[in-house]
Amino acid sequence: MSYLKAGTEKITSNLVKGILDLHGNASLYEKSIHEDQGAWFFIIRNGIEKQLVVSSGESNADISDFSGKRYKNGDIDYLVCGMSHKNADAIRKRFDFTRPVLIGKANSYGFGDRLGNAGPAHLRAVSQTKFRPVLAQQSIRELQRTGRTAEEVMDAATWSVFQEGYHDGFGADGDHLKNFNDIDLMVRAGFTMFTIDPSENVQNEAKSMHEQKLDSAYQDLPWDEIEDTPDDFLHRYLDLSVKLRDGFTLSPGKAEIMQGMVKYGRVITNTRNLAEYITTTYPDHPAELELSIDETDEPTTLFEHFLIVSELDRLGVELVSLAPRFCGHFEKGVDFRGDLNQFRNEYKQHLAIAEMFGGYKLSIHSGSDKFSVYKVIGSLNLGAVHVKTAGTSYLEALRTVAVAAPDFFREILKFSLKRFETDKKTYHISADPKQIPDPDSLGDKELPGLLNDDDARQVLHVAFGSILSGDLPGAKGFKKRLMELLEKNEELHEKYLVRHFEKHLEPFG
């Protein structure tokens, strides 16, 4: 208990022991013991349920801000509380380390947690690295598909850092936000990182437009919002000559400039509008901004990258990170598919652009399991990076199911196969479900191996919303059964998560 105040270990040990003695089946999460103004707080496990214990201590401190069942142990009153939103909010008000912080331009790792129980393992994996964790990371789409609220996502992160005694600061990323309502939702829940997704404003067809149509689309851009004129803008970029790395120079021609601006002009204005909305509507709310342009038909060219950030910089928008659409394929749940030498060369040039505008991080979206890409980035030892993962944690939960409850895993896989054609529509994947063996033909010990198979991983990955919704025909009760099984097998589940994310983080050095 070295993180406690000097001289408190004996008091705490006696207090905790006395309380645990009254709850015979309970066990203690030792790193969760904290003190505030004479009151003591720690998390216990009672059966498969986690509970917060709040004690008034010997000083009879005020603990009326917490809600729970009251007990008495000698002269000491204490509450056994549920892990509710009200109690999470009370913890955040007491302990500043349980509230998210701005991560800035330091290396960071996004740990999406669709089930809300992976945070402690994520922290154990990242705690021995130089990466800062972003624990509360969820997109609007994921919230809708899992049936969770932004507050529930934040609460899960709060309980995780409290349980693990993690005091080094975590980020909270409202991912893929498209409008003011999305921002409002995440601000109310306390998120501090806002990932803008302007994909609906991208004109992917710009590159294939004939000259007359391109010129018309270029003239039709919202130049008042861009604070420029079509002619002045064009002349400014025709004079551009920017040296990057390895002798590479950006010097675009007229067609490339017009195509880039038609493709991304409304992305620039949309991003500025959302950024200004945050600063004007919530001037006292800590906020950092990521821009996601990875969901486009073609990879982001170096000039397109430069154009976007140059214009945002001119318009006063500062980014903490940017997610380009890199070369190759960043499919869900599997390693990178493409030319790694090309990725290396282009990544270095993208970094050079980032360094020209304040050194924001390059963000790797669909970052789960991109082990070959991690090795490339780690070997370069240049710039800063942010990696986003989500689905891979869900897959490690299913690995736990495959080991601990093989028949239930078979049910999940069969249902996921039935849902595949529907659920794959919003994802860029190449899984062939015909390559997956009939789960009934496999022995129990063979089932976990499917979590190492690319086709099976992607089929299982894209069905997460159907599984977790809990109310689709054929999947009723799946979420409740899944959560209870993971609670009963907490150590196994966390072992798989820690091992998996140590594998993710190790290549960065």
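Residue positions are counted from 1 within each chain, in the order its sequence is given. pLDDT decides what is reported in this predicted model: residues at 70 or higher carry local features, side-chain atom pairs at 80 or more are listed and counted, and totals for whole chains, interfaces and linings draw on all residues regardless. Note that the side-chain values use all heavy atoms of the structure and ignore hydrogens as well as water.

**Student:** What am I meant to see in the overall build of the protein chain here?
**Tutor:** Scanning the protein chain from N- to C-terminus turns up 19 helices and 16 strands. Relative to the globule expectation of 23 Å for 509 residues, the C-alpha radius of gyration of the protein chain, 25 Å, shows essentially globular dimensions. Projected onto the principal axes, the alpha-carbon positions of the protein chain cover approximately 85 × 60 × 40 Å. Each residue gets one of three labels from its accessible area relative to the maximum for its type: buried under 20%, exposed over 50%, partly exposed in between, using a 1.4 Å probe on protein chains only. Here the protein chain holds 509 residues, and 58% of them are scored as buried. We call two residues contacting when some pair of their heavy atoms lies within 4.5 Å. Taking the contacts inside the protein chain whose residues are at least 6 apart along the sequence as the reference set, 72% of them involve residues at least 24 apart. Roughly 21600 Å² of accessible area belongs to the protein chain as shown, and the carbon and sulfur atoms make up 46% of that amount. Each helix is a run of DSSP H or I of at least 4 residues and each strand a run of E of at least 2, with the numbering of both proceeding from the N terminus. With C-alpha atoms as the basis for the radius of gyration, the globule rule is written as 2.2 Å multiplied by the number of residues raised to the power 0.38. All accessibility values rest on the Shrake-Rupley procedure with a 1.4 Å probe; residue burial counts only the protein chains present in the view.

**Student:** How should the environment of I268 be read in this particular structure?
**Tutor:** On the secondary structure map, I268 appears in helix α10 (residues 254–281). Using a relative accessible area of 1% as the deciding quantity, one classes I268 as buried. C-alpha separation for the pair I268 and V202, spaced 66 residues apart in sequence, amounts to 9.7 Å. With sequence-adjacent residues up to four places away left out, I268 is seen in contact with M261, L307, I308, E311, L312 and L315.

**Student:** Just to check I follow, could you spell out the layout of surface pockets for this structure?
**Tutor:** Unfilled space is identified by rolling a water-sized probe across the atoms. Here the largest pocket is characterised by a volume of approximately 810 Å³. A cavity here means a set of 1 Å grid points, computed over protein atoms only, where a 1.4 Å probe fits but cannot escape. A pocket is an open set with protein on both sides within 12 Å along at least 5 of 7 lines, and lining residues have an atom within 4 Å of a point. Along its surface, the largest pocket is lined by 28 residues, and M83, G116, N117, M483 and E487 are the ones closest to its centre. Those elements giving two or more residues to the lining of the largest pocket turn out to be β4 (49–55), α5 (150–164), α18 (478–488) and α19 (490–505). Here the element with the most residues in the lining of the largest pocket is α5; it accounts for six residues. Of the residues assigned to the lining of the largest pocket, the class counts are eight nonpolar, nine polar and eleven charged. Here the second largest pocket defines a volume of roughly 680 Å³. Lining the second largest pocket are 36 residues, with D294, E295, F330, K332 and S366 sitting closest to its centre. Of all elements in the fold, only β8 (132–139), α4 (140–146), β9 (171–177), β15 (361–364), β16 (385–389) and α14 (391–404) reach the threshold of two or more residues within the lining of the second largest pocket. Grid points are joined across faces, edges and corners, and a volume is the space filled by probe spheres set on the points. Each residue gets one label: Ala, Val, Leu, Ile, Met, Phe, Trp, Tyr, Cys and Pro are nonpolar, Asp, Glu, Lys and Arg are charged, and the others, such as Gly, are polar.

**Student:** Got a minute to help me understand the pairing of β8 in this structure?
**Tutor:** The buried count for β8 comes to seven of eight residues, which makes it a mostly enclosed element. For the crossover that starts at strand β7 (residues 108–111), traverses helix α3 (residues 119–126) and ends in the parallel β8, the hand is right-handed. Strands are treated as partners if at least two bridges between them are detected by DSSP. Bridge count for β8 against β9 is five bridges, and the pairing is parallel. Directly across from V134, in β9, lies its bridge partner G171. With its strands directed away from the observer, a crossover is right-handed exactly when the path from the first strand over the helix to the second travels clockwise.

**Student:** Got a minute to help me understand the packing of helix α15 (residues 406–423) against helix α16 (residues 454–462) in this structure?
**Tutor:** For any two helices packed against each other, one specifies the inter-axial angle together with the distance between the axes. Relative orientation of the contacting elements α15 and α16 amounts to 80°, with a least axis distance of 8 Å. Relative to α16, the element α15 lies roughly perpendicular. Contacts between α15 and α16 involve F409, I412, L413, S416, L417, F420 and D423 from the first element and V459, L460 and V462 from the second. Lines fitted to C-alpha atoms define the axes, with helix axes restricted to the stretch in contact, and inter-axis angles between N-to-C directions lie between 0 and 180 degrees. The scheme is simple: roughly parallel for angles under 35 degrees, roughly antiparallel for over 145, roughly perpendicular for 65 to 115, oblique for anything else.

**Student:** I'm lost on the side chain of H504 in this one. Help?
**Tutor:** Structurally, H504 can be placed in helix α19. From its side chain, H504 meets the backbone oxygen of H500 in a polar contact 2.9 Å long. The residues touching H504, leaving out its near neighbours within four places in the chain, are Y109, G367, S368, D369, F371, Y374, T389 and T392. Under this definition, polar contacts are N or O atom pairs within 3.5 Å; protein pairs additionally need one hydrogen-donor-capable and one acceptor-capable atom, and for neighbouring residues in sequence, both atoms have to be side-chain atoms.

**Student:** I keep staring at the sheet that holds strand β13 (residues 288–292) and nothing clicks. Help me out?
**Tutor:** Two modes of strand pairing occur in sheets, parallel and antiparallel, and in both the strands are linked by backbone hydrogen bonds. Reading around the barrel, the eight strands line up as β7-β8-β9-β10-β13-β14-β15-β16 and close back on themselves, with parallel pairing between neighbours. Recorded for the sheet is a direction-independent mean angle of 25° between the axes of neighbouring strands. In this structure, β13 lies alongside strand β14 (residues 321–323), joined through three bridges in parallel fashion. When the bridges of β14 are listed, S292 appears paired with A323. Sheet contacts for α5: β8 and β9; angle to β8, the most-contacted strand, approximately 155°.

**Student:** How should I be thinking about empty space enclosed by the protein in this particular structure?
**Tutor:** One pass over the full model with this rule turns up two cavities of 30 Å³ or more. Taken as a whole, the largest cavity holds about 80 Å³ of empty space. Where the lining of the largest cavity is concerned, the elements lending two or more residues are α3, β8 and α5. Contributing to the lining of the second largest cavity are D113, R114, L115, N117, A118, S393, Y394, A397, H493 and L497. When contributions to the lining of the second largest cavity are tallied by element, the ones reaching two or more residues are α14 and α19. When residues in the lining of the second largest cavity are grouped by element, the largest group, three residues, is from α14. Counted by class, the lining of the second largest cavity contains five nonpolar, three polar and two charged residues.

**Student:** Honestly, the side chain of E142 in this entry has me stumped. Any pointers?
**Tutor:** For E142, the position within the fold is in helix α4. Within the local environment of E142, its side chain forms a polar contact with the side chain of Q138, the two groups lying 3.4 Å apart.

**Student:** Where do I start with the pairing of β16 in this structure?
**Tutor:** The side chains of a regular strand alternate between both faces of the sheet. Among the five residues in β16, five count as buried, and that is most of the element. Residues V385, V387 and T389 of β16 are buried on one face, and the alternating residues H386 and K388, pointing to the opposite face, are buried as well. Sheet analysis places β7 next to β16, joined by four bridges and oriented parallel. The partner of S108 across the bridge, within β16, is H386. Here β15 runs beside β16; their pairing, made up of three bridges, is parallel. Residue L362 lies in a different strand from β16, and its bridge partner there is V385. Between β15 and its parallel partner β16, the chain crosses via helix α13 (residues 371–380), and the hand of that crossover is right-handed.

**Student:** I keep staring at helix α2 (residues 85–94) and nothing clicks. Help me out?
**Tutor:** A turn of α-helix holds 3.6 residues, and therefore any two residues three or four places apart point the same way. Listing the buried residues of α2 in full gives N87, A88, A90, I91, R92 and R94. Buried residues along α2 sit against β2 (34–36), β3 (39–46), β4, β6 (76–81) and α5.

**Student:** Before we go on, may I ask you to explain the pattern of salt bridges in this structure?
**Tutor:** Where side chains of opposite charge bring their charged atoms close, a pairing between them can arise. Every case where a carboxyl oxygen of Asp or Glu lies within 4 Å of a side-chain nitrogen of Lys or Arg is listed as a salt bridge. In total, this model carries 36 salt bridges according to the counting rule given. The closest approach of N and O atoms between R236 and E311, which form a salt bridge, is 3.2 Å. With R236 in helix α9 (residues 230–238) and E311 in helix α11 (residues 302–314), the pair connects residues that are 75 residues apart, well separated along the chain. Of the residues examined, R236 reaches a relative accessible area of 34% and is grouped as partly exposed. One connected set of salt bridges, linked through shared partners, spans D89, R92, K93 and D155.

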